[in-house]
Protein chains: 2
Amino acid sequence: VTEPIAVLSGGVGAARFLAGLIDAVDDPTSVTAIVNVGDDCTMHGLSISPDLDTITYTLAGAIDGERGWGLVDESWRAMGALERYERVRPGDSRAAARWFGLGDQDLATHFYRTARLDEGAALTTVTDEIRRAWDVPVAIVPATDDPWSTIVDTEEHGEISFQDYFVRLRHDVAVRGVRFEGSPVLGADARAALTGADVIVIAPSNPLVSIGPIIALPGVESLLATRRDATVAVSPIVGGAALKGPADRMMTELGHESSVVGVASLYAPFASALVIDPVDAEHAPEIEALGMRAIVTPSVMSSPDVARSLAEATIDAMTRH
Amino acid sequence: VTEPIAVLSGGVGAARFLAGLIDAVDDPTSVTAIVNVGDDCTMHGLSISPDLDTITYTLAGAIDGERGWGLVDESWRAMGALERYERVRPGDSRAAARWFGLGDQDLATHFYRTARLDEGAALTTVTDEIRRAWDVPVAIVPATDDPWSTIVDTEEHGEISFQDYFVRLRHDVAVRGVRFEGSPVLGADARAALTGADVIVIAPSNPLVSIGPIIALPGVESLLATRRDATVAVSPIVGGAALKGPADRMMTELGHESSVVGVASLYAPFASALVIDPVDAEHAPEIEALGMRAIVTPSVMSSPDVARSLAEATIDAMTRH
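Remember, predicted model here, so these are calculated numbers, not experimental data.

Caption draft 1: Quick look at unusual backbone geometry. Residues and elements named next belong to chain B. Although it is not a glycine, Asp 73 sits at a positive phi angle of roughly 50°. Relative to the helices and strands, Asp 73 is located in the loop between helix H2 (50-59) and helix H3 (77-81). Notably, Asp 135 is not glycine yet its phi reads approximately 55°, a positive angle. Take Asp 135: its relative accessible area is 57%, and that puts it in the exposed class.

Caption draft 2: Spatial organisation of the relation of the copies chain B and chain A. Once chain B is rotated about the relating axis by 180° and shifted along it by 0.0 Å, it coincides with chain A to within an RMSD of 0.0 Å. Taken together, the turn and the small shift mark the pair as related by a two-fold rotation axis. Identified as the residue of chain B closest to the rotation axis by C-alpha distance is B:Gly45, at 2.9 Å. Residue by residue, 100% of the interface of chain B is reproduced at the interface of chain A, so both copies engage with the same surface.

Caption draft 3: Up close: the sheet that holds strand S8 (residues 175-181) of chain A. All names here are of chain A. Taken in spatial order, the 3 strands line up as S7-S6-S8 in an open sheet, and their pairing is antiparallel. Edge positions in the sheet fall to strand S7 (158-161) and S8, since each of these pairs with one other strand and no more. Strand-to-strand twist in this sheet, taken as the mean axis angle between neighbours without regard to direction, amounts to 30°. The pairing of strand S6 (residues 149-154) with S7 spans 4 bridges and is classified as antiparallel.

Caption draft 4: How the structure looks around the packing of aromatic side chains. The full count for this structure, using the stated rule, is 16 aromatic pairs over all chains. Between A:Phe162 and A:Phe166, the ring centres sit 5.1 Å apart and the planes meet at 20°, which makes this aromatic pair stacked. In this pair, A:Phe162 and A:Phe166 are both assigned in helix H7 (residues 162-168), 4 residues apart and thus about one turn of the helix distant. Relative accessible area serves as the criterion here: at 5%, A:Phe162 is assigned to the buried category. Under the relative-accessibility criterion, A:Phe166 is labelled partly exposed at 29%. Within the aromatic cluster, the residues linked to one another by ring pairs are A:Phe162, A:Tyr165 and A:Phe166. Directly above the aromatic system of B:Trp134 lies the positively charged group of A:Arg84, at a separation of 3.4 Å from the ring centroid. Sitting over the ring of B:Trp69, B:Arg67 keeps its end group 4.8 Å from the ring centre.

Caption draft 5: Layout of the interface of chain B and chain A. The partner chain A presents 38 residues to the 38 residues of chain B that form the contact. For the pair chain B and chain A, the two sides together bury roughly 3300 Å², of which 63% comes from carbon and sulfur. A per-residue breakdown of the area chain B buries against chain A is headed by B:Arg77, B:Tyr85 and B:Phe111, which together make up 21% of the total. Along the contact surface separating chain B from chain A lie 2 salt bridges. Across the pair B:Asp135 and A:Arg87 runs a salt bridge whose closest N-O atoms are separated by 3.3 Å. Across the contact surface, chain B and chain A share 22 residue pairs in polar contact (both at pLDDT 80 or more).

Caption draft 6: Quick look at the environment of A:Val35. Here A:Val35 shows up in strand S2 (residues 31-35). Note: C-alpha distance between A:Val35 and A:Asp51 (16 residues apart in sequence) is 6.8 Å.

Caption draft 7: Summary view of the pattern of salt bridges. Applying the stated rule across the entire model yields 36 salt bridges over all chains. Ionic pairing is found between B:Arg116 and B:Glu129, a salt bridge with its closest N-O pair at 2.8 Å. In this pair, B:Arg116 sits in helix H5 (residues 104-118) while B:Glu129 sits in helix H6 (residues 123-133), placing the two residues 13 residues apart along the sequence. Neither residue differs from the other here; B:Arg116 and B:Glu129 are each classed as buried. Across the pair B:Arg249 and B:Asp172 runs a salt bridge, and its minimum N-O distance is 3.5 Å. Residue B:Arg249 is found in helix H11 (residues 247-253), and its partner B:Asp172 is found in the loop between helix H7 (162-168) and strand S8 (175-181); the two are separated by 77 residues along the sequence. Given the relative accessible area of 36%, B:Arg249 is considered partly exposed. You can call B:Asp172 exposed: its relative accessible area is 56%. In the salt-bridge network here, residues are joined through shared partners; they are A:Glu83, A:Glu86 and A:Arg98.

Calculation rules
- Residues numbered from 1 in each chain as written.
- Chains lettered and ligands numbered in written order.
- Predicted model: local features only at pLDDT ≥ 70, side-chain atom pairs only at ≥ 80, totals over all residues.
- Heavy atoms only, no water.
- Helix = DSSP H or I, 4+ residues; strand = E, 2+ residues; numbered from the N terminus.
- Buried < 20%, exposed > 50% of the residue type's maximum accessible area, 1.4 Å probe, protein only.
- Least-squares fit on C-alpha atoms with pLDDT ≥ 70 in both.
- Contact = heavy atoms within 4.5 Å.
- Pairing = 2+ DSSP bridges.
- Axes fitted to C-alpha atoms, helices over the stretch in contact; angles between N-to-C directions.
- Phe/Tyr/Trp six-rings, centres within 6.5 Å; stacked < 30°, edge-to-face > 60°.
- Lys NZ or Arg CZ within 6 Å of the ring centre and 35° of its normal.
- Buried area = accessible area lost by both parts, 1.4 Å probe.
- Salt bridge = Lys/Arg side-chain N within 4 Å of Asp/Glu carboxyl O.
- Polar contact = N/O pair within 3.5 Å; in protein donor to acceptor, adjacent residues only side chain to side chain.

Written out as structure tokens, the structure is:
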């Protein structure tokens, strides 16, 4: 498998793909995950980076596979003890909110990150320290060190934070827009990985709220466009449905087709190939009409073996054609 | 017992005294604990108020009696999980520090406080919310809502924070000075309690680093001086030794006598009586020579009964003479 490889990553889907990629490559240290930070939030004073942690924990073999997030053998004593404060919580304060689940062991990661950021360390630095603490061989870099927040505009509640949409409301509300807030700069490590990679993979993550915030960073779309021949996307939509999360519904609500063709339309300006599942093979001509090669290979990562084969097929498609 | 009563309070000793006072008074809601915040600190992004919590937890019957701080039936999963980050902690970062013990259930209190302060609520407001969540009848108010930090000047390490001195170094270093940092204003509730109380008690807490930061708030010493006839102190030094903590050693190091006479010298300008244990009865004449009445009564709060008797004797001495 050709290296180095850069992978634009959201959370769960990207983490599974990266786990497969580690199995597929000769040298995992040649892989860089460039990770969405649009979901990052502050809860109870703690700096939380859900996608970074999901990728780190997954690649460390420590993720809770059933939930898809957080650590195995987790306990919830701190969250449980917050219940006492619910009845004295004034107005719309979220001080006693328990909807954002923070497991007792997981808290240590947020403690460490928060303290290091308070000390002035960059998120890139802290993320690498956390990665090393978990003995993960793949480089994990935030797309930016700067605040860059995904804001979801909902029919019912107007503009709300991503975690309000995703966790508190369980993404069960109609979305009429998405935007990103901040004045970020693409991280230096992320830029180096995008510039130096032999292959750039857009992981099977939500195109609008996981990959979208990375692409929307100033300069990234044009940088990617110069690397279009090296860039391949893996469709997170299979048979018209999202593998996980609200990507399908959100695609439709925001005027895109919830299909591999809709994904191709979004990515065609900067990716030259799209990996799709055999169930979508019939759409290959439409994808090619958009100027992308269609790579057909099993994409539902139901096991580590499928994830590895998917990663292999994705990289091979870019190096052997 | 005459009410209302205001009690200048540090942590453990004051908490035990207050528990006795609750048993002694007809109406616990007429008692206000004015609590030291000089020990307050930020750890891992969390706003921590050790003395406020010790008093709240003690009066709620939820304190771990053996440790004297923190909650009963506590677990330490979050702290334990920090161990992983020790080996990647750079330089003198305390991001992975585990010397400041934060129990899993205790964390909920810090989560709530941190989030409410971030929302702009005053510490007085948040403290009262926490008190109500624990069903504590006594009013608990921070001496000030403003930052006001105890800085300890040590022979070995120069100036360090109070928690560095007290917890990290286990107060096992020589102290050559104490000062307080900030531009605080006495809290409005604290002022009202001091002005309106029939009896003001200086609890058996460390005079220099628990009571000291309260007295050092601008205007407090002169306010107390106007209430000298109503103010009584309970000596935290018995038989020359501190009931708990480093008060005895610190008194000596900072040029005071480690005895009830040393305590009387500190408090004589604004307290008209000092409660001392029978083992110190011989010092009564020296205390009276300093212009204070000496009240002799058992002061080692080895049981709730002793704490109650001590509280009764303390209040009675101010109302029956």
